[in-house]
Amino acid sequence: MALKRTVLLLACCLMLSACGNNGADKQGTATEGGNVPAAQQPVTQQNDNTGQASEPPVKQTEEVDPEAAPDAEATDEGSSEDSEKSTDVTAPIEPKYHMNKVYRIVPNDESVPDKVVLLTFDDGPKDEGMINQLIDTLDKHNAKAIFFVNGYRAKAHPELLKLIHDREQFIGNHSWDHIDLKKESKQKVKEQIGDVQEIVKEATGSEPRFFRPPFGSGGDTVKEIAADHDLLFMTWSNGSLDWEGKNKNKPDEVIKNVMEQLHPGSNILMHELPWTVEALDELLTKLEAKGYGFVDPQLIEPKIR
């Protein structure tokens, strides 16, 4: 009986020992596949739209220099500004003609046509209608001209200065009061020329580059002051005589006078007058028929030689 009890007791001990080991094995398996510490867990993110796991974010391994970024940005901006500036820069126009001492237009070399004329209109700006008609005709013939203006007229009608400028024609300085500058003091001449430069710049943003003294009456003092303003001093070499009373309302006479004096490099003097407006289209047509072109004033050197 005692032996039987001993055997039963040993059997119970063995069974209890086996149960304890089985529990330990199950606990170890759960630890490997379950509650892994957060620092060791693989990082996954769930896409809210698809429900699928997305790639974990890539850790930035290189730090950005806080001072380097602004420099790089400034460099990019600088490059952009330089690029914009380079597109805005207009190459200087190379002169192809110059004016000689008798105020004719002369080619700078043999490759440039000599059969050209310079078209000019004095004593404006007077009337919007006449100016537009003159420029319409110039545009028709692909021609440019210099409109020599008086200051007192420009003061009364600054909008006409802008009209000439906006229609891509040229404005010249014809003194303020249309007086004989040769008879005036140096200070008076300075005012007569300088004040026109200022009023034209105020209206158009740029100063005239050409100067013609009223009546063609200048002298050393007038030439000196014109040069101080970087103005090309000129009178003319071909007068239309449209200002003479005998030619009033006679466009045919205006045309005849120009054609009779025609020569290569003619510097043609005309005025803002109704009969000149009427004559211009036929005059330019006749000039073209004789093989003459119309010199662009911006192609003329700013000094006489």
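Residues numbered from 1 in each chain as written. Predicted model: local features only at pLDDT ≥ 70, side-chain atom pairs only at ≥ 80, totals over all residues. Heavy atoms only, no water.

Novice: Explain unusual backbone geometry here, please?
Specialist: What you tend to see is this: most non-glycine residues have negative phi, and most peptide bonds are trans. The amide bond that connects Gly124 to the next residue, Pro125, takes the cis arrangement and shows omega of -5 degrees. In this fold, Pro125 is placed in the loop between strand S5 (116–124) and helix H3 (128–140). A positive phi angle, near 65 degrees, is found at Tyr103, a position not held by glycine. Examined against the element boundaries, Tyr103 turns out to sit in the loop between strand S3 (97–99) and strand S4 (105–107). (Helix = DSSP H or I, 4+ residues; strand = E, 2+ residues; numbered from the N terminus.)

Novice: Is there a simple way to think about empty space enclosed by the protein in this case?
Specialist: Where empty space is left becomes clear once a probe the size of a water molecule has been rolled over the atoms. Tallied over the full model, the rule gives one cavity of 30 Å³ or more. Approximately 40 Å³ is the volume found for the largest cavity. Considering the residues around the largest cavity, the lining is formed by Phe121, Asp122, Gly124, Pro125, Ile131, Phe147, Phe148, Val149, Ile164 and Glu272. Only S5 and strand S6 (145–149) provide two or more residues apiece to the lining of the largest cavity. Its residues assigned to classes, the lining of the largest cavity comprises seven nonpolar, one polar and two charged. (1 Å grid on protein atoms, 1.4 Å probe; cavity = no way out; pocket = protein on both sides within 12 Å on 5 of 7 lines; lining within 4 Å. Points joined across faces, edges and corners; volume = space filled by probe spheres on them. Nonpolar A, V, L, I, M, F, W, Y, C, P; charged D, E, K, R; others polar.)

Novice: Quick question: what am I supposed to make of the packing of H3 against helix H5 (residues 158–166) here?
Specialist: In a pair of packed helices, the angle between the axes and the distance between the axes together describe the arrangement. Close contact between H3 and H5 brings their axes to 11 Å; oriented N to C, the two are set at 10 degrees. When the axes of H3 and H5 are compared, the pair comes out roughly parallel. For the pair formed by H3 and H5, the contact residues are Glu128, Ile131, Asn132 and Ile135 on the first element and Leu160, Leu163 and Ile164 on the second. (Axes fitted to C-alpha atoms, helices over the stretch in contact; angles between N-to-C directions. Parallel < 35°, antiparallel > 145°, perpendicular 65-115°, else oblique. Contact = heavy atoms within 4.5 Å.)

Novice: What am I meant to see in the packing of H5 against helix H6 (residues 186–204) here?
Specialist: Two elements in contact, H5 and H6, have axes whose closest approach is 9 Å; the angle formed by their N-to-C orientations is 65 degrees. Classified by the angle between their axes, H5 and H6 sit roughly perpendicular to one another. Between H5 and H6 lies a crossing of right-handed hand. Between H5, through Pro158, Leu161, Lys162 and His165, and H6, the contact on the second element is made entirely by Ile199, Val200, Ala203 and Thr204. Split into classes, the residues belonging to the contact of H5 with H6 amount to five nonpolar, two polar and one charged. (Left-handed = near helix turned anticlockwise from the far one by under 90°.)

Novice: Could you clarify how one ought to interpret the sheet that holds strand S13 (residues 300–304) in this entry?
Specialist: Through backbone hydrogen bonds, the strands of a sheet pair up, either in parallel or in antiparallel fashion. The mixed open sheet is built from three strands, whose spatial order is S4-S3-S13. Edge positions in the sheet fall to S4 and S13, since each has one partner strand and no second. Taking the axes of each pair of neighbouring strands and ignoring which way they run, one obtains an average angle of 35 degrees across the sheet. In this sheet, S13 lies alongside S3 in parallel orientation, the contact comprising two bridges. (Pairing = 2+ DSSP bridges.)

Novice: What exactly am I supposed to notice about H3 here?
Specialist: Because the α-helix completes a turn every 3.6 residues, residues three or four places apart line up on one side. Compared with the 18 Å implied by 1.5 Å per residue over 13 residues, the 18 Å span of H3 between its first and last C-alpha is a close match. By the burial criterion, the buried members of H3 are Met130, Ile131, Asn132, Leu134, Ile135, Thr137 and Leu138. Elements that come into contact with the buried residues of H3 comprise S5, S6, H5 and helix H9 (274–289). In this structure Asp127 caps H3, since a side-chain oxygen of it lies 2.9 Å from the backbone nitrogen of Gly129. (Expected span 1.5 Å × (residues − 1). Buried < 20%, exposed > 50% of the residue type's maximum accessible area, 1.4 Å probe, protein only. Polar contact = N/O pair within 3.5 Å; in protein donor to acceptor, adjacent residues only side chain to side chain.)

Geometric values such as these leave the question of function open.
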